[in-house]
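# Residue-level structure breakdown
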Amino acid sequence: MNTIKRGSRGADVVTLQKILNLATDGIFGPLTEEAVREFQRGHGLAVDGIVGPKTWAALNVAPSSRAVDEIIIHYSATPEGENFTVDQIRQMHLQRGFADIGYHWYIDAHGAIFAGRSESLAGAHCTNHNTRSIGICYCGGCPPRSVSGWANIGKDTRTEAQKAALIRCIKDVKSRYPAATVHGHCEFASKPCPGFNAKEEYKNL
Ligand SMILES: [Zn+2]
């Protein structure tokens, strides 16, 4: 896909307009630009109204050629009672050298669900399982900072709002990948993440 912006015309603009449910006239005018900005704002992208590689990637939310058969649940290793925004998590992962936030979905301390990287892309959240899975992370998972060694202790810190959001998010992902099974990160790594038995809790979703 080519980078397109205000003033662009042609097939790529039609493709964009179809995805955003706009009139498909193939002309990138003010309404198309407005829709692009709204989409970028809702997906944690730079809001510039220009459709470049990152925005194209995020627009391809439809199940791709990627065969997803696992949904892996994580905690963010945030001390209980604190909140990391999706942008803070994204910055941490960028500093770690990832191309973007490692998770596909992020649930903050208030139970709000945020899109991470596009589902069409392999994640960066679980070694040897990234290409076949969707990663969902909730904010929390460790005791408060006042507990010594808190960062290495797993704790189920989910609030009722986060529990409800996790169920909504998993059901939404499963609607696109019905055969996918739900797991906790700890099943595939020697870490306490996500601090509870995700496989058991979500086996009937
Ligand atoms: Zn994890």
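It should be emphasised that the depicted structure is a prediction, and the values quoted were computed from it without experimental measurement.

Moving on, we come to the pairing of strand β5 (residues 133-138). For β5, the buried fraction is high: 6 of the 6 residues fall into the buried class. One ladder, built from 6 bridges, connects strand β1 (residues 70-75) with β5; its direction is parallel. Note on β5: the bridge partner recorded for I72 is G135. Pairing of strand β3 (residues 105-107) with β5 involves 3 bridges; the strand directions are parallel. For Y106, the partnering residue across the bridge sits in β5 and is C137.

What follows deals with the sheet that holds strand β4 (residues 113-115). Taken in spatial order, the 5 strands make up an open sheet running β4-β3-β5-β1-β7, and their pairing is mixed. Two strands bound the open sheet, and with one partner strand each, they are β4 and β7 (181-184). Strand-to-strand twist of the sheet, defined as the mean angle between neighbouring strand axes without regard to direction, takes the value 25°.

For soluble globular proteins, nonpolar side chains are generally found buried alongside one another. Counting residues in each nonpolar core, the largest one holds 33 residues, and the members touching the most others are I71, Y106, I107, I136, C169 and I170. Broken down by secondary-structure element, the contributors of at least two residues to this core are β1, α4 (86-95), β3, β5 and α5 (160-176). With 5 residues, α5 is the largest single contributor of residues to this core. Not counting residues up to four positions away in its chain, the partners in contact with I170 are I71, I136, V182, Y202 and L205.

Taken domain by domain, the protein holds domain 1 (11-59) and domain 2 (70-201). Distance between the C-alpha centres of domain 1 and domain 2: 28 Å. Each partner contributes residues to the interface: domain 1 has 4 residues there, and domain 2 has 8 residues.

In a regular helix each residue adds 1.5 Å, so 17 residues correspond to 24 Å; α5 covers 25 Å between its end C-alpha atoms and thus fits that length. Buried within α5 we find Q162, A165, L166, C169, I170 and V173. Down the axis of α5, the smallest arc covering the buried residues is 130°, so these residues share one side. Projecting away from the buried face of α5 at angles above 90 degrees are the exposed residues E160, K171, D172 and S175. On its buried side, α5 packs onto β1, β3, β4, β5 and β7.

Let us now look at the environment of L22. Along the polypeptide, L22 turns up in the loop between α1 (11-19) and α2 (30-42). Judged by the 17 C-beta atoms lying within 10 Å of it, L22 falls in the partly exposed class. Linking L22 and T32, residues 10 residues apart in sequence, is a C-alpha distance of 7.3 Å. Those residues in contact with L22 that sit more than four places away from it in its chain are Q17, L31, T32 and A35.

How each quantity is defined
- For every chain, the first residue of the written sequence is number 1, and numbering continues from 1 along that sequence.
- Given that this is a predicted model, residues contribute local features only at a pLDDT of at least 70 and side-chain atom pairs are listed and counted only at 80 or more, while totals for whole chains, interfaces and linings are drawn from all residues.
- Neighbour density around each residue's C-beta defines its exposure: 20 or more other C-beta atoms within 10 Å make it buried, 12 or fewer make it exposed, and counts between make it partly exposed, where C-beta atoms are placed from the backbone.
- By the criteria applied, helices consist of DSSP H or I runs no shorter than four residues and strands consist of E runs no shorter than two, each listed in order from the N terminus.
- The pairing criterion for strands is at least two bridges between them, as found by DSSP.
- Axes here refer to lines fitted to C-alpha atoms; in helices the fit is confined to the stretch in contact. Angles between the N-to-C directions go from 0 to 180 degrees.
- By convention in this section, buried Ala, Val, Leu, Ile, Met, Phe, Trp, Tyr and Cys residues joined through C-beta atoms within 7 Å make up a nonpolar core.
- Two residues qualify as being in contact provided that their C-beta atoms, derived from the backbone, are within 7 Å of each other.
- Where each domain starts and ends follows an automatic or database-derived domain assignment.
- Helices are assigned an expected span. That span is 1.5 Å times one less than the residue count.
- By construction, the arc corresponds to the directions joining the helix axis to the C-beta atoms.

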